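Per-entry structural report
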Amino acid sequence: MGSPQTDIKSSALELIGNTPLVALDRIWPGPGRLLAKCEFLNPGSSIKDRSSYGMIKKALDSGKLKPGDPILEVSSGNQGCGLALVCAVLGHPLTVTMSKGNSPQRATMMRALGAKVELIDQVEGTPGNVTLADVSAAETKGLELVKETGAFYVDQFNNDNNSCSHEETTGPEIWKQTGGKIDAFLATVGTAGTFMGVSRYLKKVNPEVKCFAVEPEGAQPIQGCEITKPLHLLQGSGYGAVPRLFKFDTMDETLSVTDQEAVEYKRLLGKKEGLYLGYTSGANVAAAVKLLKSGVLGKDPVVVTVLNDSGLKYPEILKYPFEQ
Ligand SMILES: Cc1ncc(COP(=O)(O)O)c(C=O)c1O
């Protein structure tokens, strides 16, 4: 008889979080170190699993959501995938409205996890380039459905438990994994849940940690610039308006990234690090390399960023318009 098995997760919910931190030593051999949190290893293959579980758990704990109640969310797909897996395990019917411009792989995954997905025509964007107006159209439909069905509306853009989930999990994990040796943190901003939650925690434990918000070049409202390029490849982030959850008190500076840079580092992550990831991961790493190259952080700095989702969530594009 073998020994009793004790290392068993009771459900997919226990697979969320506690992701490893990997050193990108082949992309940035030094000086200093570039470390990345492997959020694509969550069961829904993105960082949004954390806030999905966090927001639903807090709603259940507070009694705002009752067991088995229907749930609705507006999503670029990753929040939807995270919610779909949480709802599958907990037994809530889920409907997600999503812009047709977001990647079809995400709709396929949500449906496979039992969610109902309503795809909404784009207003101004193109497939792969989703603007604030496109997200607003998906939101309008979502709010209509909430009114009709009485479903619980998760509301990631206005739900404080979104950023709390990162303050309670992602931030503390980074602090523990680096042994507190971290000079800077940086992340792209969609709802701002990740940036706010992590930066709030890191500034609390060490106010010296510098926190940088990453924006697509030409869509930099946090930097205070006029929007000149609302269309970009950083799906799930950079909507051209300062999100409601964003507060300026934990941000030191912003960094900007072009589509070309995001694609270049998305490819380098694959070819040099063996990591097949999405565009915002490429953007985060591109921004981190710029920051390290600038030398502003002093001698041998440790920079931490997040690898937000898997490359399998996107259609493969061999040649981009800027390459023709
Ligand atoms: C691929 C990707 N990267 C980054 C983000 C931004 O995360 P947050 O909403 O926590 O700002 C999202 C959000 O949906 C995303 O899907």
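Residues numbered from 1 in each chain as written. Predicted model: local features only at pLDDT ≥ 70, side-chain atom pairs only at ≥ 80, totals over all residues. Heavy atoms only, no water.

Naming follows an unreviewed UniProt entry, where the chain appears as Tryptophan synthase beta chain-like PALP domain-containing protein of Orchesella dallaii. Of the chain, the UniProt comment under Cofactor (unreviewed entry) reads exactly: "pyridoxal 5'-phosphate". (UniProt positions renumbered as here; feature names shortened; annotations may be inferred.)

1. Quick notes on the side chain of Glu273
Examined against the element boundaries, Glu273 turns out to sit in helix α7 (residues 259-273). Separated by 2.9 Å, the side chain of Glu273 and the backbone nitrogen of Ile27 make a polar contact. (Helix = DSSP H or I, 4+ residues; strand = E, 2+ residues; numbered from the N terminus. Polar contact = N/O pair within 3.5 Å; in protein donor to acceptor, adjacent residues only side chain to side chain.)

2. Observations regarding empty space enclosed by the protein
Overall, the coordinates contain one cavity of 30 Å³ or more when judged by the stated rule. Of the volumes computed, that of the largest cavity is approximately 330 Å³. Among the secondary structure elements, those contributing two or more residues to the lining of the largest cavity are α2 (78-90), α5 (160-177), β7 (184-188) and α6 (193-205). A breakdown of the residues in the lining of the largest cavity according to their chemical character gives 10 nonpolar, 17 polar and two charged. Each of domain 1 (12-41 + 169-323) and domain 2 (48-153) accounts for three or more of the residues forming the lining of the largest cavity. (1 Å grid on protein atoms, 1.4 Å probe; cavity = no way out; pocket = protein on both sides within 12 Å on 5 of 7 lines; lining within 4 Å. Points joined across faces, edges and corners; volume = space filled by probe spheres on them. Nonpolar A, V, L, I, M, F, W, Y, C, P; charged D, E, K, R; others polar. Domains from an automatic or database assignment.)

3. Details of the site of the ligand
In the vicinity of the ligand, 16 residues are found, and the nearest of them are Lys48, Gly190, Thr191, Thr194 and Thr280. Gly190 is positioned with one of its backbone polar atoms (N or O) 2.8 Å from an oxygen atom of the ligand. At 2.7 Å from a nitrogen atom of the ligand is found a side-chain nitrogen or oxygen belonging to Thr280. The protein chains hide 98% of the 390 Å² of surface that the ligand would expose on its own. Applying the majority rule of atoms within 2 Å of the grid points places the ligand in the largest cavity. Three or more residues apiece are contributed to the shell around the ligand by two domains, here domain 1 (12-41 + 169-323) and domain 2 (48-153). (Near = heavy atom within 4 Å. Areas by Shrake-Rupley, 256 points an atom, 1.4 Å probe, with all protein chains shown as cover. Sits in = over half its atoms within 2 Å of the grid points.)

4. Here we look at the pairing of strand β5 (residues 116-120)
As a general feature of sheets, a regular strand has side chains that alternate between the two faces. Inspection of the sheet shows strand β4 (residues 94-99) paired to β5 by five bridges, in the parallel sense. For Thr95, the partnering residue across the bridge sits in β5 and is Lys116. Since β4 and β5 lie parallel, the crossover through helix α3 (residues 104-112) that links them has a hand, and here it is right-handed. (Pairing = 2+ DSSP bridges. Right-handed = clockwise from strand over helix to strand, strands pointing away.)

5. What about the UniProt feature "domain: Tryptophan synthase beta chain-like PALP" (unreviewed entry) in the chain?
Here the UniProt-annotated "domain: Tryptophan synthase beta chain-like PALP" (unreviewed entry) positions come out as residues 14-308. With 40% helix and 17% strand, residues 14-308 has its two end C-alpha atoms placed 19 Å apart.

6. Some details on the sheet that holds strand β1 (residues 21-23)
Spatial ordering of the open sheet is given by β1-β2-β10-β7-β8-β9, a layout of six strands whose pairing is mixed. The sheet is open, and its two borders are formed by β1 and β9 (253-257), each paired with just one other strand. Averaged over all adjacent pairs, the angle separating strand axes in this sheet is 30 degrees, with direction ignored. Relative to strand β10 (residues 302-307), strand β2 (residues 33-38) runs parallel, the two sharing six bridges. Note that in β10 the partner of Cys38 across the bridge is Leu307. α7 contacts β1, β9 and β10 of the sheet and is inclined by roughly 80 degrees relative to β9. (Axes fitted to C-alpha atoms, helices over the stretch in contact; angles between N-to-C directions. Contact = heavy atoms within 4.5 Å.)

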